[in-house]
Amino acid sequence: MTRQEHKIRDGNAVEVRGLVKHFGDTKAVDGVDLDVPEGTVLGVLGPNGAGKTTLVRCLSTLLVPDAGTAVVAGYDVVRQPRQLRRTIGLTGQYASVDEKLSGWENLYMIGRLLDLPRKEARARADAMLERFSLTDAAKRAAATYSGGMRRRLDLAASMIGRPSVLYLDEPTTGLDPRTRNEVWDEVKRMVAEGSTVLLTTQYMEEAEQLAHDLTVIDRGKIIAEGRVNELKAKVGGRTLQIRPSDPGELNRMVGALAQAGLDGVGGATADMEEGLVNVPIVSDEQLTAVIGLLGERGFTIAGIDTHLPSLDEVFLAITGQKTSTPENSTHDKALEEVAA
Ligand SMILES: Nc1ncnc2c1ncn2[C@@H]1O[C@H](COP(=O)(O)OP(=O)(O)OP(=O)(O)O)[C@@H](O)[C@H]1O
Ligand SMILES: [Mg+2]
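The structure contained in this document is the topic of the report that follows. (Residues numbered from 1 in each chain as written. Chains lettered and ligands numbered in written order. Predicted model: local features only at pLDDT ≥ 70, side-chain atom pairs only at ≥ 80, totals over all residues. Heavy atoms only, no water.)

### Topic: the pairing of strand β4 (residues 67-72)
The side chains of a regular strand alternate between the sheet's two faces.
Thinking step 1. With five bridges joining them, strand β1 (residues 12-23) and β4 adopt antiparallel strand pairing. Directly across from V16, in β4, lies its bridge partner A70.
Thinking step 2. Strand direction decides the pairing type here: β4 and strand β5 (residues 75-76), joined by two bridges, are antiparallel. Each bridged residue has a counterpart across the sheet, and for V72 the counterpart in β5 is Y75.
Thinking step 3. Hairpin geometry of β4 and β5 is characterised by an intervening segment of two residues between the two adjacent antiparallel strands and by a positive phi of about 50° at A73. (Pairing = 2+ DSSP bridges. Helix = DSSP H or I, 4+ residues; strand = E, 2+ residues; numbered from the N terminus.)

### Considerations on the packing of aromatic side chains
Thinking step 1. Per the stated rule, a full pass over the model turns up one aromatic pair.
Thinking step 2. Ring geometry for W104 versus Y108: centroids 5.0 Å apart, planes at 10°, classification stacked. Here W104 pairs with Y108, and both are found in helix α3 (residues 103-113), just four residues apart, close to one helical turn.
Thinking step 3. Given the relative accessible area of 24%, W104 is considered partly exposed. (Phe/Tyr/Trp six-rings, centres within 6.5 Å; stacked < 30°, edge-to-face > 60°. Buried < 20%, exposed > 50% of the residue type's maximum accessible area, 1.4 Å probe, protein only.)

### As for unusual backbone geometry
Thinking step 1. Phi angles above zero are rare outside glycine, and T61 is one such case at about 70°.
Thinking step 2. Looking at where T61 falls in the secondary structure, it is placed in the loop between α1 (52-59) and β4.
Thinking step 3. Even without being a glycine, R219 presents a positive backbone phi close to 50°.
Thinking step 4. Tracing the backbone through its elements, the reader meets R219 in the loop between β9 (213-218) and β10 (221-227).
Thinking step 5. By relative accessible area, R219 is classed as exposed at 64%.

### A look at the sheet that holds strand β14 (residues 301-307)
Thinking step 1. Taken together, four strands build an open sheet; the order of strands is β12-β13-β11-β14 and the sheet is antiparallel. Here the strands that pair on one side only, and so sit at the sheet edges, are β12 (269-271) and β14. The average undirected angle you get between the axes of adjacent strands in this sheet is 25°.
Thinking step 2. With three bridges connecting them, β12 and strand β13 (residues 276-281) associate as antiparallel partners. Across the sheet, D271 pairs through a bridge with L276, a residue of β13.
Thinking step 3. Packing of helix α9 (residues 250-259) onto the sheet brings it into contact with β11 (238-244), β12 and β13, and relative to β13 it is tilted by some 20°.
Thinking step 4. Relative to the sheet, helix α10 (residues 284-296) contacts β11, β13 and β14, its axis offset from that of β11 by approximately 10°. (Axes fitted to C-alpha atoms, helices over the stretch in contact; angles between N-to-C directions. Contact = heavy atoms within 4.5 Å.)

### Quick word on the sheet that holds strand β3 (residues 41-45)
Thinking step 1. Read from one edge to the other, the open sheet built from six strands follows the order β6-β7-β8-β3-β9-β10, with strand pairing classed as mixed. The strands lining the two open edges of the sheet, one partner per strand, are β6 (88-91) and β10. The mean inter-strand angle of the sheet, taken between neighbouring strand axes irrespective of direction, is 15°.
Thinking step 2. Of the pairings in the sheet, the one linking β9 to β10 comprises six bridges and is antiparallel in character. Residue pairing in the sheet places I217 in a bridge with I222 of β10.

### Notes on the environment of L45
Thinking step 1. Among the secondary structure elements, L45 is positioned in strand β3.
Thinking step 2. Overall, L45 belongs to the buried group, its relative accessible area being 3%.
Thinking step 3. With 169 residues separating them along the chain, L45 and L214 place their C-alpha atoms 7.2 Å apart.
Thinking step 4. Residues contacting L45, with those up to four places away along its chain left out, are K52, T201, M204, L214, T215, V216, I217 and F315.

### Looking at the nonpolar core
Thinking step 1. Core analysis: the biggest nonpolar cluster contains 40 residues, and L107, F132, L153, V187, V197 and L214 have the highest contact counts within it.
Thinking step 2. No other element matches the six residues that helix α5 (residues 147-159) contributes to this core.
Thinking step 3. L42, A50, L55 and L63 belong to the second largest nonpolar core, which has 25 residues in total. (Core = buried A, V, L, I, M, F, W, Y, C linked by side-chain atoms within 4.5 Å.)

### Notes on the side chain of T200
Thinking step 1. Assignment of secondary structure puts T200 in strand β8 (residues 196-201).
Thinking step 2. One polar contact links T200 to D169, side chain to side chain, over a distance of 2.5 Å. (Polar contact = N/O pair within 3.5 Å; in protein donor to acceptor, adjacent residues only side chain to side chain.)

### Describing the environment of L55
Thinking step 1. One can find L55 in helix α1.
Thinking step 2. Here the alpha-carbon distance between L55 and V32, two residues 23 residues apart in the chain, equals 8.7 Å.
Thinking step 3. Residues within four places of L55 in sequence aside, it is in contact with L19, V29, V32 and L34.

### Observations concerning the environment of D115
Thinking step 1. By the element assignment, D115 lies in the loop between α3 and α4 (118-131).
Thinking step 2. With relative accessibility at 57%, the residue D115 sits in the exposed group.
Thinking step 3. Through-space distance from the C-alpha of D115 to that of G161 is 9.2 Å; in sequence the pair is 46 residues apart.
Thinking step 4. A distance of 2.6 Å separates polar atoms of two side chains, one belonging to D115 and the other to R86.

### Here's the deal with the pattern of salt bridges
Thinking step 1. Applying the stated rule across the entire model yields 14 salt bridges.
Thinking step 2. The closest approach of N and O atoms between D115 and R86, which form a salt bridge, is 2.6 Å. With D115 in the loop between α3 and α4 and R86 in helix α2 (residues 81-87), the pair connects residues that are 29 residues apart, well separated along the chain.
Thinking step 3. Here R86 falls in the partly exposed class, since its relative accessible area comes to 48%.
Thinking step 4. Note that R131 and E186 form a salt bridge whose closest N and O atoms lie 2.8 Å from each other. In this pair, R131 sits in helix α4 while E186 sits in helix α6 (residues 177-192), placing the two residues 55 residues apart along the sequence.
Thinking step 5. Of the residues examined, R131 reaches a relative accessible area of 26% and is grouped as partly exposed.
Thinking step 6. Judged by its relative accessible area of 5%, E186 is buried. (Salt bridge = Lys/Arg side-chain N within 4 Å of Asp/Glu carboxyl O.)

This is the structure we're talking about:
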């Protein structure tokens, strides 16, 4: 196959064009285009088997794509794999630490493999263990670490070379909330220091916390992309939530809105339990008119809020599928492994 010179656009740390990777009949990655501007985080969202890990593996030279081009940090993934490997960091879905070595030895070894001088490798190993709350376990063999500790060590290892592009493949799956927050803080710190991150996740909150832009993939294809808020707005639209001072007026409020034709697509509904009227909003004009009408009709309003759909709802709307839980993901993989 002949590959055309892929000229990267200024300011993009990752640029992917028409990337394809098939396994037999499985179109794991089926023509993907991506742009990740320097210093930003792209969230890649998709259900089990969507092709997220395959994409990351192609972009980190662990798999050779069947077609398409990808340039990362200025290096072509197929033609310049050695240079590329020195500028990227990767945290896989499954931690890849050396079990026989201690946490500190794992980090020191990777530092040395990245050609850091001994002193620097030592200092960074210490610093990363500290950052990920592993100092107390630094001298113990990684084999004795809990799942969460291994994952943290794996993250520390991917960051030790201060990579300019970092791939995080479901970095916090299986972590407790406190550790998850630690990881998020570290990712934010890396980005603040100028790194570019490609993050796959099944946690909506994670995408909202970290990602500037979002790409949703399903069966190897991009099915939606944009800013986190754009995507949310595009799919579900807003809901106006009105809380009348008198909860007894919920139904009368819904009736008034319907009568005036201001109840949006699908109609306004009364939520008796929460004491709210929910109105689907299609335009700012409708929003303004709703508020105006309620005032004219003498309703007293205790509170109003607009609510954007969650990424879960976005996903459901785009794919007609619920996003799978990370627990399922791990479980499915374990079953696949047993079956293999
Ligand atoms: N080495 C392989 N050989 C054969 N098929 C593969 C291989 N790796 C992945 N696949 C298939 O390619 C598809 C995409 O898998 P991939 O692991 O990229 O999905 P994913 O989005 O990372 O899923 P998950 O959320 O479960 O991690 C799946 O159908 C998977 O079974
Ligand atoms: Mg995966």
